[in-house]
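Letter by letter, the chains look like this.
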Amino acid sequence: MDDKFLDELINGEPLLCSAVQMGIIESLLRISPLPTEQKEEIYMNLDSYSEEEANDLIYSLKQDVVATDPRDQWKRMFN
């Protein structure tokens, strides 16, 4: 385990988003209907997001994402 992680956890400082969260955000941004300027701003600030901010961003991106599977599109139309 990383010593920096433990220091942040003990000191109460917000944890930065993990590499996994960054990967999820990047993959969701590719299929997101957000304007290009907003996507670029998210990409530029990605390494400064806290873990909680990254989780909130992932949740909001998942809500807005355009489904690529026709079955998911059908379900979304009628829910």
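Residues numbered from 1 in each chain as written. Predicted model: local features only at pLDDT ≥ 70, side-chain atom pairs only at ≥ 80, totals over all residues. Heavy atoms only, no water.

### Some words on a nonpolar patch on the surface
On the surface, Trp-74, Met-77 and Phe-78 cluster together to form a nonpolar patch covering roughly 410 Å² of accessible area. Secondary-structure assignment places Trp-74 in helix H5 (residues 70–77). (Patch = residues over 30% accessible without salt bridge, like charges linked within 9 Å, V, L, I, M, F, W, Y side chains within 5 Å. Areas by Shrake-Rupley, 256 points an atom, 1.4 Å probe, with all protein chains shown as cover. Salt bridge = Lys/Arg side-chain N within 4 Å of Asp/Glu carboxyl O. Helix = DSSP H or I, 4+ residues; strand = E, 2+ residues; numbered from the N terminus.)

### Focus on the packing of aromatic side chains
If you walk through the whole model with that rule in mind, you get 1 aromatic pair. Measuring from ring centre to ring centre gives 4.7 Å for Trp-74 and Phe-78, while their planes differ by 55 degrees; the resulting arrangement is tilted. (Phe/Tyr/Trp six-rings, centres within 6.5 Å; stacked < 30°, edge-to-face > 60°.)

### Section: the side chain of Lys-39
Its location among the elements puts Lys-39 in helix H3 (residues 36–45). Salt bridges are absent for the buried Lys-39, whose nearest opposite-charge side chain, Glu-40, sits at 9.7 Å. (Buried < 20%, exposed > 50% of the residue type's maximum accessible area, 1.4 Å probe, protein only. Lys, Arg positive; Asp, Glu negative; His and termini not counted.)

### What to know about the packing of helix H2 (residues 19–30) against H3
Orientation of H2 relative to H3, taken along the N-to-C sense of each, is 170 degrees, at an axis distance of 11 Å. One finds that H2 runs roughly antiparallel with respect to H3. Relative to H3, the crossing made by H2 is left-handed. Within the contact between the two elements, H2 uses Ile-25, Glu-26, Leu-29 and Arg-30 and H3 uses Lys-39, Ile-42 and Tyr-43. (Axes fitted to C-alpha atoms, helices over the stretch in contact; angles between N-to-C directions. Parallel < 35°, antiparallel > 145°, perpendicular 65-115°, else oblique. Left-handed = near helix turned anticlockwise from the far one by under 90°. Contact = heavy atoms within 4.5 Å.)

### Concerning H2
Taking 1.5 Å as the rise per residue, H2 with 12 residues should run 16 Å; its terminal C-alpha atoms sit 17 Å apart, in good agreement. Along H2, the residues that are buried comprise Gln-21, Ile-25, Leu-28 and Leu-29. Viewed along the axis of H2, the buried residues span an arc of 100 degrees, placing them on a single side of the element. Opposite its buried face, H2 presents the exposed residues Ala-19, Val-20 and Arg-30, each directed more than 90 degrees away. Summarising the contacts, the buried residues of H2 are in contact with H3 and helix H4 (51–64). (Expected span 1.5 Å × (residues − 1). Arc of directions from axis to C-beta.)

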